[in-house]
Amino acid sequence: MMKTKYFLFISLLTTLLTLSACGSREDKVADAAKRFAEAANNGDEMACRDMYEKLGKMNNCHLVDHINDDKVEVVAIKGDSIFEATMDKVKLVFRCNDNVCEIIDSRMAVEFPSIFYTIAEGTGMPMAKISDQRIYSMLGKNGGFITYLKGQNYQINNLFLSVSNGRYYWNNNNGTTNCYMTNNVTNSSSKHIDGSDYNVEFVVSQRSTGKELIRVTAPGQSIMPNSSILLTNNEIKGLYSIAVNQDLNWYSSIKVTLDDYALLKKYYDFKGNEYSRYSGSAND
């Protein structure tokens, strides 16, 4: 009987110590959350980044203007080391030990570039329900969701444009010998494509040897939906003799001048269900 009471006492003591430790860490988390909110409200970005290291890796993002820290609610979400602190709409996820409490994630604590919100609205992404780190991993440069969207219609990567080799010409103008090429550029989409959004690169080689001779770029021209234009590059010096001997070959390709964000915003047809498809797939 005494032995049984002894073990019960030890078990109770262990439980009390554990609860005490958890409470202590919860107090530390609450204190850290309030200090973070105070630093954010005072515009002390350096202090915020010291507590939230991952924030510094989120390019072109910053903290919200104000965090209401009148009431801080702390709950343990993984053992006695991972806690979530809620202050109004803002949530901070802390990793905490006896010495340090650091923020490893957040929700609605970060202001993202406006294009993030545009894409989220168009694709049905509920940003308010997703952690800030996850949002950035999906919508940041080369993010998983950005890549997914571009892959949904791979032709958007070339603005729905294709090029086909045309003919090359040469001339002798007052002793200056030049050659130039023409290509058909076709817009297979129902959208008007602005010429400023792309260039056409010509890679010229010698047919008999396969040796690359020169690369030249011709500026794009606007193309109406489902139509083609004939695009000519600038005259190229130094290839006259090769052109005359019909020993010239080339290929051309579309070079889009827009970044991924501008490309999606301007030319992608959002249907509103892209995020649900993405989050329900193996990409999530």
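Residues numbered from 1 in each chain as written. Predicted model: local features only at pLDDT ≥ 70, side-chain atom pairs only at ≥ 80, totals over all residues. Heavy atoms only, no water.

**A closer look at the sheet that holds strand E5 (residues 101-107)**
Then comes step 1: A sheet is described by the order of its strands in space; here 4 strands give the open sequence E2-E3-E4-E5, paired in antiparallel fashion. Whereas interior strands pair on both sides, the edge strands pair on one side only; in this sheet they are strand E2 (73-78) and E5. Between one strand axis and the next, the sheet turns through 30 degrees on average, direction left out of account. (Pairing = 2+ DSSP bridges. Helix = DSSP H or I, 4+ residues; strand = E, 2+ residues; numbered from the N terminus. Axes fitted to C-alpha atoms, helices over the stretch in contact; angles between N-to-C directions.)

**What about the state of the cysteines?**
Then comes step 1: Per the stated rule, a full pass over the model turns up 1 disulfide.
Then comes step 2: Here Cys 96 is linked by a disulfide to Cys 101, with a sulfur-sulfur distance of 2.3 Å.
Then comes step 3: A relative accessible area of 16% means that Cys 101 is categorised as buried.
Then comes step 4: Between Cys 61, a cysteine without a disulfide, and Cys 48, which holds the nearest cysteine sulfur, the sulfur-to-sulfur distance is 14 Å. (Disulfide = S-S within 2.5 Å. Buried < 20%, exposed > 50% of the residue type's maximum accessible area, 1.4 Å probe, protein only.)

**Considering the packing of helix H5 (residues 144-152) against helix H7 (residues 260-267)**
Then comes step 1: The contact between H5 and H7 brings their axes to 11 Å, and the two run at 45 degrees. For the element pair H5 / H7, the angle class is oblique. Note on packing geometry: the crossing formed by H5 with H7 is left-handed. Along the contact surface, H5 presents Ile 146, Leu 149 and Lys 150, while H7 presents Asp 260, Tyr 261, Leu 263 and Leu 264.
Then comes step 2: Of the residues that constitute the contact of H5 with H7, the class distribution is 5 nonpolar, no polar and 2 charged. (Parallel < 35°, antiparallel > 145°, perpendicular 65-115°, else oblique. Left-handed = near helix turned anticlockwise from the far one by under 90°. Contact = heavy atoms within 4.5 Å. Nonpolar A, V, L, I, M, F, W, Y, C, P; charged D, E, K, R; others polar.)

**Structural notes on the confidence of the model for the protein chain**
Then comes step 1: With 90% of its residues at a pLDDT of 70 or more, the protein chain shows a mean pLDDT of 87.
Then comes step 2: Taken as a whole, residues 1-23 scores under 50 in pLDDT and shows 2 contacts with residues more than four places along the chain or in a different chain. (pLDDT = per-residue confidence, 0-100.)

**Looking at the environment of Glu 84**
Then comes step 1: For Glu 84, the location among the structural elements is in strand E3 (residues 82-87).
Then comes step 2: Remark: the alpha-carbon pair of Glu 84 and His 62, spanning 22 residues in sequence, is separated by 20 Å.
Then comes step 3: Setting aside anything within four residues of it in sequence, one finds Glu 84 in contact with Glu 73, Val 74, Val 75, Ile 77, Lys 91, Leu 92 and Val 93.

**Some points on the nonpolar core**
Then comes step 1: Ranked by size, the top nonpolar core spans 76 residues in total, and within it Tyr 198 and Leu 248 carry the most contacts.
Then comes step 2: Counting residues per element, this core draws most heavily on helix H1 (residues 2-41), at 7 residues.
Then comes step 3: Non-local contacts of Leu 248, meaning those with residues more than four positions away in its chain, are made with Tyr 168, Cys 179, Met 181, Val 204, Ser 205, Arg 207, Leu 239, Ile 242 and Ala 243. (Core = buried A, V, L, I, M, F, W, Y, C linked by side-chain atoms within 4.5 Å.)

**Describing the environment of Val 64**
Then comes step 1: Relative to the helices and strands, Val 64 is located in the loop between strand E1 (62-63) and E2.
Then comes step 2: Taking the C-alpha atoms as reference, Val 64 lies 8.6 Å from Asn 41; in sequence the two are 23 residues apart.
Then comes step 3: With residues near it in sequence (within four places) discarded, Val 64 still touches Met 108, Ala 109, Val 110 and Glu 111.

**Regarding helix H4 (residues 132-139)**
Then comes step 1: In terms of residue burial, H4 counts as a mostly covered element, since 6 of its 8 residues are buried.
Then comes step 2: Where the residues of H4 are buried, they touch E5, strand E6 (110-111), helix H3 (114-123), H5, H7 and helix H8 (274-279).

**Describing the side chain of Lys 150**
Then comes step 1: Tracing the sequence through the fold places Lys 150 in helix H5.
Then comes step 2: A relative accessible area of 18% places Lys 150 in the buried class.

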